[in-house]
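# Secondary and tertiary structure notes
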Amino acid sequence: MPVIQYREALRAAMREEMERDDRVCLIGEEVGGYNGAYRISEGLMDQFGRMRVLDTPIAEEGFTGMALGAAMVGLRPIVEYMTWNFSLVAYDMIINHVAKARYMSNAQFGAPMVLRGPQGGGQQLTAQHSQCVESWYMHCPGLYVVSAATPADAKGLLKSAIRNDNPVIFLEHLGLYNMKGEVPDGPDLLVPIGVADIKRPGQDVTLLTYSKMLYPALEAAKALEADEISVEVIDLRSLRPLDLDTILKSVAKTHRAVVVTEDWQPSGMARELSGLIYQHGFDDLDAPVEEVCGAPVPMPYARNLEQLAIPDVEAIKSAVHRTLARPGELAPLYR
Amino acid sequence: MPRRGAAALKEAPASGGASDEAPFSNDQLVDVYRKVLAARRFEERAAQAYTQAKIGGYCHLYIGQEASGAGFLSSIRLGWDYAITAYRDHVAPLFMGTPAGPLMAELYGKATGVSGGKGGSMHMYDAPRGFMGGWGIVGGQIPIAIGLAYASKYRNEDRVTLCFIGDGAAPIGAFHESLNLAGILDLPIVFIIENNAYAMGTALKYTNSRTDLHMYGEAYGMDHRAVDGMDLFAVRRCAVDVIEKARQGRPQLVESITYRFRGHSMADAGQYRTKEEVQEWRDRDPLEWLEGYLKEHGILTEDQIGHINDEVRHEMKEAVDFAENSPAPEAGALYENVYA
Ligand SMILES: Cc1ncc(C[n+]2csc(CCOP(=O)(O)OP(=O)(O)O)c2C)c(N)n1
């Protein structure tokens, strides 16, 4: 199987879908002549022309609405935000228009479009360039929210998102673009939206995460093996719709859950997941659900402070230990 | 009957050409008359139903502005070109051929409404006829409009998009972003700012750095002009011209100077305007003017006009009956069409 970068996987997904369907176009800042601020769209303008790979002015609200209008009458635009931070300038367009077009028109038209770009911290880009937006978009009916952690998932999920008839918020992570991984060749790789992936099976604790946090989670799971703690790591991949089945089955098996997200805790993805587990899996729980989240601060610049603000392996390990340190449970696992 | 230019037009360039010849055939004129009449009666019935609490939410009437909408919407290719507007949207679909019944039923929140009862007054749609809504956030429809036009250009289809905008939307960023984008991409679009002098209760001069709004087109290198939006013939001449230019990929900006006779919405008594001001504009009622023109030029007799009025009154009664007798949406519809 070929080994390619996450960014190449995204590019391959777009290229293949544009070759397959001439309604698919790419709209955004620097996507054409510059080949993409993070080189995701490299070469696409040369192949598909300026009308299909459209360089826009810095006008997020304008070009997001433009993509919606085009989607309403039959195109399938991909909008690239240079980073998700700037999508907030188009928040009205996404929440008030894109998400609601199908419902308000009673399905006279839909908004088949993908809104994609990188988010997340770790590159010392500071408060206005490091935010995780999933909770802000998760909240609104009419949108799907997905996030791939591996190159293979990036390709397969993006292709599914492009073929989906709904507006899909497709979250990438700045820190994943260089990551390499095996990606099955060929145009048929589709990862279905709404299906989580058990990236590592385990018996004692369920660890729920997605996007870049998958990696510290896997590392923590590996380290905990030494303590004879077996952690099941689930990569959610799709946040809305959510694969609650897989989550609850796992919790029913392990009786403990830890949620790891880079976004903030209050009203965030972690709260959502632990709430769902309490609501639907309460009887299965032997310990409170632990939440490991980004520090509730605007992202600081200084390298050391930034690292303190993002969940790390140690924080995840301690959270796993806490779920196991319940009275009565301590003995068998801490032998 | 003389067609006076609006006072506001004094400083704006003339649009239509001076010819007194009607820019419509007689048949077209009768059709436009019928539609303007239907629009007026529809909204009067809506106002009545609103005061009876049969219609909920907001209800923004277009009464007084009909010449503007009719002039433009009678000049596009129905079922081919697109039109889109804000929340003052009952009348555009009527001009585009949507039957009154489903529009009234939408106001009543019924399953038979154009949007299945999910849109209400501000979110009417008739996609098969090219009417793309009906959007409740001021300025929100403008970027969407350029997307419609972008799709037309993308597919090499000679469709034009008409985008209706209130004067209150001109200060919004999306308006300027969209004009810029349309200019860069040479989109087949006509932006029509319907300048009725007020955004809710706030007069234009308090909200806009300049009050000759078509001049914003200048900044974006776009053809721009003002037209007397109370003068059906002037609007029509202007519309035919700008739509042709837009079809060739030259985006157009028109400021249509008009007036709403009523308050901003049914909840607004319009206290911020003087009686004299309102009366001055009511004297230029486009419906009365058109009726007078048809009679004076022997296109319709008094009797024929009476007959059309009877028909329209009957049609509106049927629309109201249809709305009243239609079922509310099934509870199951709550979850329908959130996702595909
Ligand atoms: C972004 C936004 N801000 C405020 C409002 C509330 N609002 C609705 S209509 C309106 C006035 C707009 O006036 P104008 O654009 O001139 O249109 P007209 O009502 O004259 O047709 C306002 C302030 C809104 N719907 N959207």
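About the thresholds
- Residues numbered from 1 in each chain as written.
- Chains lettered and ligands numbered in written order.
- Predicted model: local features only at pLDDT ≥ 70, side-chain atom pairs only at ≥ 80, totals over all residues.
- Heavy atoms only, no water.
- Helix = DSSP H or I, 4+ residues; strand = E, 2+ residues; numbered from the N terminus.
- Expected span 1.5 Å × (residues − 1).
- Contact = heavy atoms within 4.5 Å.
- Near = heavy atom within 4 Å.
- Polar contact = N/O pair within 3.5 Å; in protein donor to acceptor, adjacent residues only side chain to side chain.
- Areas by Shrake-Rupley, 256 points an atom, 1.4 Å probe, with all protein chains shown as cover.
- Nonpolar A, V, L, I, M, F, W, Y, C, P; charged D, E, K, R; others polar.
- Buried area = accessible area lost by both parts, 1.4 Å probe.
- Pairing = 2+ DSSP bridges.
- Axes fitted to C-alpha atoms, helices over the stretch in contact; angles between N-to-C directions.
- Phe/Tyr/Trp six-rings, centres within 6.5 Å; stacked < 30°, edge-to-face > 60°.
- Lys NZ or Arg CZ within 6 Å of the ring centre and 35° of its normal.
- Patch = residues over 30% accessible without salt bridge, like charges linked within 9 Å, V, L, I, M, F, W, Y side chains within 5 Å.
- Salt bridge = Lys/Arg side-chain N within 4 Å of Asp/Glu carboxyl O.
- Core = buried A, V, L, I, M, F, W, Y, C linked by side-chain atoms within 4.5 Å.
- Buried < 20%, exposed > 50% of the residue type's maximum accessible area, 1.4 Å probe, protein only.
- Arc of directions from axis to C-beta.
- Right-handed = clockwise from strand over helix to strand, strands pointing away.

Side chains that are three or four residues apart share a direction in an α-helix, a result of its 3.6 residues per turn. For helix α12 (residues 302-325) of chain B, spanning 24 residues, the distance from its first C-alpha to its last is 34 Å, which sits close to the expected 34 Å at 1.5 Å a residue. Buried residues along α12(B) sit against α1 (26-51), α4 (100-107) and α11 (286-296) of chain B.

All names here are of chain B. Among the 14 residues in the neighbourhood of the ligand, the closest are listed as Tyr-87, Arg-88, Gly-136, Gly-168 and Asn-196. Between the ligand and the protein, one listed contact pairs a nitrogen atom with a backbone N or O atom of Gly-136 at 3.0 Å. One of the side-chain N or O atoms of Asp-167 is found 3.2 Å from an oxygen atom in the ligand. For the ligand, the accessible surface in isolation is 590 Å², of which the surrounding protein chains cover 69%. A breakdown of the residues in the shell around the ligand according to their chemical character gives seven nonpolar, five polar and two charged.

We now examine the interface of chain B and chain A. Facing the 38 residues of chain B at the interface are 44 residues of chain A. Approximately 3400 Å² of surface area, both sides summed, lies buried where chain B meets chain A, with 69% of it carried by carbon and sulfur atoms. Together, B:Tyr150, B:Tyr154 and B:Tyr339 form the three largest contributors to the area buried by chain B at its contact with chain A, with a combined 22%. Seen at the junction of chain B and chain A, the total is 19 residue pairs in polar contact (both at pLDDT 80 or more). When residues of the side of chain B that touches chain A are traced back to their parent elements, those giving at least two are α5 (141-154) and α6 (173-185) of chain B. Broken down by element, the residue count for the side of chain B that touches chain A peaks at nine residues, all from α5(B). Of the residues in the side of chain B that touches chain A, the class split is 24 nonpolar, eight polar and six charged.

Further remarks concern the sheet that holds strand β6 (residues 144-147) of chain A. Residues and elements named next belong to chain A. One open sheet holds the seven strands; their spatial order is β3-β2-β4-β5-β7-β6-β12, and the pairing between them is mixed. In the strand order of this sheet, the two ends are held by β3 (53-55) and β12 (238-240), each with one partner. When the angles between neighbouring strand axes are averaged without regard to direction, this sheet yields 20 degrees. Here three bridges tie strand β2 (residues 24-28) to β3, and the two strands are oriented parallel to one another. Paired with Ile-27 across the strands is Leu-54, a residue of β3.

Next up on the list: the packing of aromatic side chains. In this structure the tally under the stated criterion is 19 aromatic pairs over all chains. An aromatic cluster is built from A:Phe63, A:Tyr81, A:Trp84, A:Tyr91 and A:Tyr137, whose rings are joined through pairwise contacts. When the ring centre of B:Trp80 is taken as reference, the NZ or CZ atom of B:Arg159 above it lies at 3.9 Å.

Residues and elements named next belong to chain A. A sheet is described by the order of its strands in space; here five strands give the open sequence β9-β11-β10-β13-β14, paired in mixed fashion. Edge positions in the sheet fall to β9 (197-200) and β14 (290-292), since each has one partner strand and no second. Across the sheet, the axes of successive neighbouring strands diverge by a mean angle of 25 degrees, strand direction being ignored. Across three bridges, strand β10 (residues 205-209) lies against strand β13 (residues 257-260) in parallel orientation. Its bridge partner lying in β13, Thr-206 is registered against Ala-257. Sitting on the sheet, helix α8 (residues 214-225) touches β9, β10 and β11 (231-235), and the angle it makes with β11 is about 170 degrees. Taken strand by strand, helix α10 (residues 269-281) contacts β10, β13 and β14, and its axis lies near 160 degrees from that of β13.

Below, the discussion takes up a nonpolar patch on the surface. Together, A:Leu88, A:Trp136 and A:Trp264 make up a nonpolar patch on the protein surface, roughly 240 Å² of accessible area in all. Relative to the helices and strands, A:Leu88 is located in the loop between β4 (76-80) and α4 (91-98).

With that out of the way, let us pick up the nonpolar core. Counting residues in each nonpolar core, the largest one holds 85 residues, and the members touching the most others are B:Trp135, B:Tyr150 and B:Phe191. It is α5(B) that provides the largest number of residues to this core, a total of nine residues. B:Tyr150 has contacts with A:Cys25, A:Ile27, A:Met51, A:Arg52, A:Leu54, A:Met66, A:Ala70, A:Leu75 and B:Leu187, leaving out every residue within four places of it along the chain. One finds B:Tyr62, B:Ala83, B:Leu94 and B:Leu294 within the second-largest nonpolar core, a separate group that totals 63 residues.

With that settled, consider unusual backbone geometry. A cis amide bond, omega 0 degrees, links A:Arg240 with the succeeding residue A:Pro241. On the secondary structure map, A:Pro241 appears in the loop between β12 and α9 (244-254). Here B:Gly133 and B:Gly134 are connected by a cis peptide whose omega angle stands at 15 degrees. Structurally, B:Gly134 can be placed in strand β2 (residues 131-134). A positive phi angle is found at A:Arg39, which is not glycine, with a value near 60 degrees.

Further remarks concern the environment of A:Asp185. By secondary structure assignment, the location of A:Asp185 is in the loop between β8 (180-182) and β9. Expressed as a C-alpha distance, the spacing of A:Asp185 and A:Ala12, which sit 173 residues apart in the sequence, is 9.8 Å.

In this section: α8(A). Residue and element names in this part refer to chain A. Helix length check: α8, at 12 residues, gives a terminal C-alpha distance of 17 Å against a target of 16 Å (1.5 Å per residue), a fit within 8%. Three or more residues of α8 are buried, namely Leu-214, Pro-216, Ala-217, Ala-220, Ala-221 and Leu-224. For α8, the arc enclosing every buried residue in end-on projection is 165 degrees, short of the 170-degree limit, so these residues lie on one face. Turned more than 90 degrees away from the buried face of α8 sit Glu-219 and Lys-222, all of them exposed. Those residues of α8 that are buried lie in contact with β9, β10, β11 and α12 (313-324).

Our focus in this paragraph is the pairing of strand β7 (residues 223-228) of chain B. All names here are of chain B. Pairing analysis gives six bridges linking β7 to strand β8 (residues 252-257), with the strands arranged parallel. Bridging across to β8, Val-227 finds its partner in Ser-256. Crossover β7 to β8 through helix α9 (residues 232-247) is right-handed.

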